[in-house]
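# Coordinates in review
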Amino acid sequence: MEPRAAHLWRREGLGGKKEDRPSREGEPHFGNAECPGGVAGNNETHRGPDLLQWTRHMQAVKTQLLEQAQGQLTELLDQAMCEAIQAYLPQDRPVPSIPPDSLCKTREPSLGKRKVFINRKSLLDELMEVQHFRTIYHMFVAGLCVFIISTLAIDFIDEGRLMLEFDLLIFSFGQLPLALVTWVPMFLSTLLLPYQVLRLWARPQSRVAWTLGVGLGCMLLAGHTAVLSILPIHVAVEYQLPPASRCVLVFEQVRLLMKSYSFLRETVPGTLRARGGEGIRAPSFSSYLYFLFCPTLIYRETYPRTPNVRWNYVAKNFAQALGCVLYACFILGRLCVPVFANMSREPFSTRALVLSIMHATLPGIFMLLLIFFAFLHCWLNAFAEMLRFGDRMFYRDWWNSTSFSNYYRTWNVVVHDWLYSYVYQDGLWLLGGQARGAAMLGVFLVSAVVHEYICCFVLGFFYPVMLLLFLFIGGPLNFMMHDRRTGPAWNVLMWTMLFLGQGIQVSLYCQEWYAQRHCPLPQTTFWGLVTPRSWSCHT
């Protein structure tokens, strides 16, 4: 690091003694390392642009040196911890829950970094401490107030009364008790079966008995997968659940499946390696129960914890999440329903389609921001606070992304960690560590299929808009707009693509929603179910 630093200083023509000589009159003077780049003296104001460029360069050099030093220090500390723990553990009695060879390296089928949990706040909580950023938050709250005022005004003009109607909200959350009752067997299946299978496989026994135990465990896991896969779909279709109630079921279905896989993926390899030794023990049931509720999809037996629970913080986040739900209902009711409710009754035209997409960009981006704030910030932080879960990095600064690859990594860190650990890294291991492009393509394919499945489940029809956008637009953009693309123009381009993508989704899904109701199928057929109704419904 020292030769590189010296090179950077010499490259700009600075000697080691230049800062020791007193500054002459009219020369710029740097008071400290955080100098804002001001220039003193009127007789050399022409040097201002050069000084500003030089100051920015030195700030970049400082950042680069600090990052390099931090990376080297992290590697040294990890290596020291690894050697100390390996020296402490007895070699003849490995601890099965934490194998010695997994302390210094990642798991065997893994070629990348292992997720490390530390105590840290969510980024928005840190930004909210800045008054300028709180003002942006206040602007969104003012927007909600404007929607409420406009609703009251329109109702007063049309009906002669002041009353807020929540018909859309009541419809969306209809039959919610049935969805919650359906969740109970889903959760019990996840709570009991994967943990019992692990205990069965960790039990010391003869080879024949252990083989039978493996078969029984696989049958239990198959039953667990069947309960999570079939039960919510059956209830949603049989009882025609509305969208929000379906959201509860499908998000819990996907979440419990991902958590089950992570628990088995993190514990079974070490248990099988240590099965022949003494002192075999499965992870504690309390750690598994905690994992099922804490806001992460990566299993660890312990997590960093906060000292206490701030119940006012919990209440604030739940209230903000509820406010976001109301905000979304107002946006749909005021900006989407009047535009798309009767669109399927009109003859199709390219002009109408393009105008509907452009009209849907604003409500679409609002819905994206509300989903992010309500779920990834408010909901997850509320549960993290109640469970004293220390690592609150559920997202990063995705809004500053200049590439789609960075956006995908920072938008939803919780899901990204799961995909990176169990799809990308394990895919690299299976492919020999060379086919990084194929492993990345596998991540996109899994993510696209799951997103499309969620949309299909919630809306009640198959219209692969999300799938096509993921595979044919998001995938190529991930490779074309990579991390080497920097600068404000790339950030503007990314936001432009987000606006257009959200407009396409909101427009096409809204049109299909109303077409499904205006033009029901006279006879249920497979092709009738998978063919978009909005293509032919013009009554």
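Residues numbered from 1 in each chain as written. Predicted model: local features only at pLDDT ≥ 70, side-chain atom pairs only at ≥ 80, totals over all residues. Heavy atoms only, no water.

Per an unreviewed UniProt entry, the protein chain goes by O-acyltransferase and derives from Neophocaena asiaeorientalis asiaeorientalis. Listed in UniProt under the heading Sequence similarities (unreviewed entry), the comment for the protein chain reads: "Belongs to the membrane-bound acyltransferase family. Sterol o-acyltransferase subfamily." Recorded in UniProt for the protein chain, the comment headed Subcellular location (unreviewed entry) runs: "Endoplasmic reticulum membrane". (UniProt positions renumbered as here; feature names shortened; annotations may be inferred.)

Scanning the protein chain from terminus to terminus reveals 18 helices and zero strands. By the burial criterion, 42% of the 539 residues in the protein chain qualify as buried. Looking at the protein chain alone, contacts between residues at least 24 apart form 74% of all its contacts between residues at least 6 apart. (Helix = DSSP H or I, 4+ residues; strand = E, 2+ residues; numbered from the N terminus. Buried < 20%, exposed > 50% of the residue type's maximum accessible area, 1.4 Å probe, protein only. Contact = heavy atoms within 4.5 Å.)

What follows deals with a nonpolar patch on the surface. Together, Val184, Leu188, Leu192, Phe285, Leu289 and Phe293 give the surface a local cluster of nonpolar side chains, amounting to about 460 Å² of exposed area. Broken down by secondary-structure element, the contributors of at least two residues to the nonpolar patch are helix H7 (176–202) and helix H10 (285–293). With respect to the helices and strands, phenylalanine 285 occurs in helix H10. The exposure class assigned to phenylalanine 285 is partly exposed, which follows from its relative accessible area of 33%. (Patch = residues over 30% accessible without salt bridge, like charges linked within 9 Å, V, L, I, M, F, W, Y side chains within 5 Å. Areas by Shrake-Rupley, 256 points an atom, 1.4 Å probe, with all protein chains shown as cover. Salt bridge = Lys/Arg side-chain N within 4 Å of Asp/Glu carboxyl O.)

If you walk through the whole model with that rule in mind, you get 41 aromatic pairs. Positioned above the aromatic ring of phenylalanine 117, the side-chain terminus of lysine 115 is 5.3 Å from the ring centre. Over the ring of tryptophan 513 we find arginine 517; its NZ or CZ atom is 3.5 Å from the centre of that ring. (Phe/Tyr/Trp six-rings, centres within 6.5 Å; stacked < 30°, edge-to-face > 60°. Lys NZ or Arg CZ within 6 Å of the ring centre and 35° of its normal.)

Using the residue numbers shown here, the UniProt feature "active site" (unreviewed entry) corresponds to His451. With respect to the element layout, histidine 451 can be found in helix H15 (residues 436–459). Among the polar contacts made by the side chain of histidine 451, one reaches the main-chain carbonyl oxygen of serine 447 at a distance of 2.7 Å. (Polar contact = N/O pair within 3.5 Å; in protein donor to acceptor, adjacent residues only side chain to side chain.)

Across the protein chain, pLDDT averages 79, with 77% of residues at or above 70. This model gives residues 1–46 a pLDDT under 50, and the stretch forms 43 contacts once residues within four places in sequence are excluded. This model gives residues 86–111 a pLDDT under 50, and the stretch forms 47 contacts once residues within four places in sequence are excluded. (pLDDT = per-residue confidence, 0-100.)

Positive phi outside glycine occurs at glutamine 175, with the angle close to 60°. When you line up the elements, glutamine 175 lands in the loop between helix H6 (167–172) and H7. Despite not being glycine, glutamine 240 has its phi angle at roughly 50°, a positive value. Within the secondary structure, glutamine 240 sits in the loop between helix H8 (207–238) and helix H9 (243–273).

Looking now at the side chain of arginine 246. Looking at the secondary structure, you find arginine 246 in helix H9. Buried charged residue arginine 246 carries no salt bridge. Nearest counter-charge: glutamate 238, at 10 Å. In this structure the side chain of arginine 246 is engaged in a polar contact, spanning 2.9 Å, whose partner is the backbone oxygen of phenylalanine 457. (Lys, Arg positive; Asp, Glu negative; His and termini not counted.)

Quick look at H15 now. Between its terminal C-alpha atoms H15 stretches 35 Å, which fits the 34 Å expected from 24 residues at 1.5 Å a residue. Here H15 has its buried residues at Ala439, Val443, Phe444, Ser447, Ala448, Glu452, Ile454, Cys455, Phe457 and Val458. On its buried face, H15 is in contact with H8, H9, helix H13 (404–411), helix H14 (413–430), helix H16 (465–480) and helix H17 (488–518). At the C-terminal side of H15, glycine 460 shows a positive phi close to 85°. (Expected span 1.5 Å × (residues − 1).)

Its 37 residues give helix H12 (residues 350–386) an end-to-end C-alpha distance of 51 Å, which sits within 8% of 54 Å, the value for a rise of 1.5 Å per residue. In the structure, H12 departs most strongly from a straight axis at threonine 361, where the bend amounts to approximately 40° and where the proline proline 363 lies between one and four residues downstream. Once H12 ends, the next one or two residues include arginine 388, with phi positive near 55°. (Bend = angle between axes of the 7 residues up to and from the residue.)

This part covers the packing of H7 against H10. Their axes nearest at 11 Å, the elements H7 and H10 cross at an angle of 145°. When the axes of H7 and H10 are compared, the crossing they make is right-handed. Here Phe187, Thr190, Leu191, Pro194 and Tyr195 of H7 come into contact with H10, specifically with Phe285, Tyr288, Leu289, Leu292 and Phe293. The residue makeup of the contact of H7 with H10, split by class, is nine nonpolar, one polar and no charged. (Axes fitted to C-alpha atoms, helices over the stretch in contact; angles between N-to-C directions. Left-handed = near helix turned anticlockwise from the far one by under 90°. Nonpolar A, V, L, I, M, F, W, Y, C, P; charged D, E, K, R; others polar.)

Turning our eyes to something else, we now look at the UniProt feature "transmembrane region" (unreviewed entry) in the protein chain. Mapped onto this numbering, the UniProt entry gives "transmembrane region" (unreviewed entry) at residues 136–157, 177–198, 210–233, 318–341, 353–376, 427–446, 453–473 and 493–510. Spanning residues 353–376, this segment combines 100% helix with 0% strand, and its end C-alpha atoms are found 32 Å apart.

With that settled, the discussion passes to the environment of alanine 360. When you line up the elements, alanine 360 lands in helix H12. Spatially, the C-alpha atom of alanine 360 lies 4.5 Å from that of glycine 503, the residues being 143 residues apart in sequence. Among residues more than four places away in sequence, those in contact with alanine 360 are Phe340, Gln502, Gly503, Val506 and Ser507.

A side chain with one charge can pair with a side chain of the opposite charge if their charged atoms come near. One pass over the full model with this rule turns up eight salt bridges. For glutamate 129, the salt bridge identified is with lysine 121, shortest N-O distance 2.6 Å. Given the relative accessible area of 54%, glutamate 129 is considered exposed. The partly exposed category is assigned to lysine 121, whose relative accessible area is 43%. A salt bridge links glutamate 385 to arginine 392; its shortest N-O distance comes to 3.0 Å. Accessibility classification places glutamate 385 together with arginine 392 in one group, the buried group. A network of salt bridges, in which partner residues are shared, links Arg310, Glu385 and Arg392.

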